[in-house]
Amino acid sequence: MEKVKKNLEEVVAAIKNSKEYQNCVRIKKQMNDNPLICEKINKIKKLQKEVVKSGYDKDIKKELDLLVEELESIPIYVVYTQNLEIVNQKIDYVRDSLNDYFKELFEKDTNI
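Positions within a chain are numbered from 1, following the residues in the order the chain's sequence is written. With pLDDT at 70 or above as the cut-off, local features in this predicted model cover only qualifying residues; side-chain atom pairs require 80 or more to be listed or tallied, and sums for whole chains, interfaces and linings still use all residues. For side-chain calculations, the full set of non-hydrogen atoms in the structure is used, while hydrogens and water are omitted.

1. Here's the deal with the nonpolar core
Basically, it comes down to this: Definition used in this section: a nonpolar core is a set of buried Ala, Val, Leu, Ile, Met, Phe, Trp, Tyr and Cys residues joined via side-chain atoms within 4.5 Å. Think of it in three bands: with a 1.4 Å probe and only protein chains considered, a residue is buried below 20% of the maximum accessible area for its type, exposed above 50%, and partly exposed in between. In this description a helix means any DSSP run of H or I spanning at least four residues, a strand means any run of E spanning at least two, and both kinds are numbered starting from the N terminus. Whether two residues are in contact is decided by their heavy atoms, any of which lying within 4.5 Å being enough.
Met31 and Leu71 are the most contacted members of the largest nonpolar core, which totals 16 residues. Secondary-structure elements contributing two or more residues to this core are helix H2 (19-32), helix H3 (35-53), helix H4 (58-71) and helix H5 (75-110). In this view, Met31 contacts Ile37, Cys38, Ile76, Tyr77 and Tyr80; residues no more than four positions away in its chain are not counted.

2. A few points about the packing of H3 against H4
Heads up, the condition is: Fitting a line to C-alpha atoms yields each axis, with helices limited to the stretch in contact; the angle taken between N-to-C directions then spans 0 to 180 degrees. Under this scheme an angle from 65 to 115 degrees is roughly perpendicular, one under 35 degrees roughly parallel, and one over 145 degrees roughly antiparallel; angles in between are oblique. It is the rotation of the near helix from the far one that decides the hand of a crossing: anticlockwise by less than a right angle makes it left-handed, clockwise makes it right-handed. The residue classification treats Ala, Val, Leu, Ile, Met, Phe, Trp, Tyr, Cys and Pro as nonpolar and Asp, Glu, Lys and Arg as charged. All others, Gly included, are polar.
Following both chains from N to C, one finds H3 and H4 inclined at 155°, their axes separated by 9 Å at the closest point. Considering their axes alone, H3 and H4 lie roughly antiparallel with respect to each other. Crossing angle aside, the handedness with which H3 passes H4 is left-handed. Contact with H3, carried on its side by Ile37, Lys40, Ile41, Lys43, Ile44, Leu47, Gln48, Glu50 and Val51, involves Ile60, Lys61, Glu63, Leu64, Leu67, Val68, Glu70 and Leu71 of H4 and no other residues of that element. Per-class residue counts for the contact of H3 with H4 are 10 nonpolar, one polar and six charged.

3. Focus on the packing of aromatic side chains
How we decide: For this analysis, a ring pair means two rings from Phe, Tyr or Trp (six-membered ring only for Trp) whose centres lie within 6.5 Å, classed as stacked if their planes differ by under 30 degrees, edge-to-face if by over 60, and tilted for the remaining angles.
All chains considered together, the criterion is met by two aromatic pairs. When the ring of Tyr77 is compared with that of Tyr80, the centres are 6.5 Å apart and the planes differ by 40°; the resulting orientation is tilted. With Tyr77 and Tyr80 both in helix H5, this residue pair falls three residues apart, about one helical turn. By relative accessible area, Tyr77 is classed as buried at 18%. In this structure Tyr80 comes out as buried when scored by relative accessible area, which is 13%. Judged by centre distance (5.5 Å) and plane angle (70°), the ring pair of Tyr101 and Phe102 falls under edge-to-face. For Phe102, a relative accessible area of 41% translates into the label partly exposed.

4. A short note on the side chain of Glu20
With respect to the helices and strands, Glu20 occurs in helix H2. For Glu20, a relative accessible area of 13% corresponds to the buried category. Beyond its immediate chain neighbours, meaning those up to four positions away, Glu20 contacts Asn83, Ile86, Val87 and Lys90.

5. Observations regarding a nonpolar patch on the surface
For clarity, the threshold we go by: Grouping into patches uses exposed residues only, defined as over 30% relative accessible area, and leaves out salt-bridged ones; the cut-off is 9 Å for like charges and 5 Å for nonpolar side chains (Val, Leu, Ile, Met, Phe, Trp, Tyr). The protein chains shown are the only cover counted for residues, whose accessible areas, like all others here, come from Shrake-Rupley with a 1.4 Å probe. Salt bridges are counted wherever a side-chain nitrogen of Lys or Arg sits within 4 Å of a carboxyl oxygen of Asp or Glu.
There is a patch of nonpolar side chains on the surface, built from Met1, Val4, Leu8, Leu98, Tyr101, Phe102, Leu105 and Phe106 and spanning about 830 Å² of accessible area. Counting residues per element, the ones that place at least two in the nonpolar patch are helix H1 (2-16) and H5. The element best represented in the nonpolar patch is H5, accounting for five residues. Tracing the chain through its elements places Met1 in the segment before H1.

So this is what it looks like as C-alpha cells:
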C-alpha cells in the first residue's frame, strides 16, 4: 500500500511541477492583486446565484453573460483559463486511467 501511495504522490507532484500548473499559481496571484478582475469575478459569482434563485430571469442572465464576456476579454484571465484547462485535462486523464484500472481489476475478479 505504501508503494501505491508513493506512486500517487509522484503523479500529483508531476502535475504540480508542470509548466501549466505553475502558470496557474503565478497568474492566480496576479489576478488576486488586480481589483478589477476580483470585482468582476465576485460580481459574476453573485449573479450566478441570482440567476438560479430567479429561475433564470432573462435580464439577470443577460447581465451575467455580458460580465463573463468582459472577464473573458482580459488577456491574463484568458491565459489563466487556458492553463487551467490543461491542468484539468491532466487530472481527468489520471482519474480516468485509475477508473479503467480498477474496472479491469474488478472485472477479472467477477470472471473467476
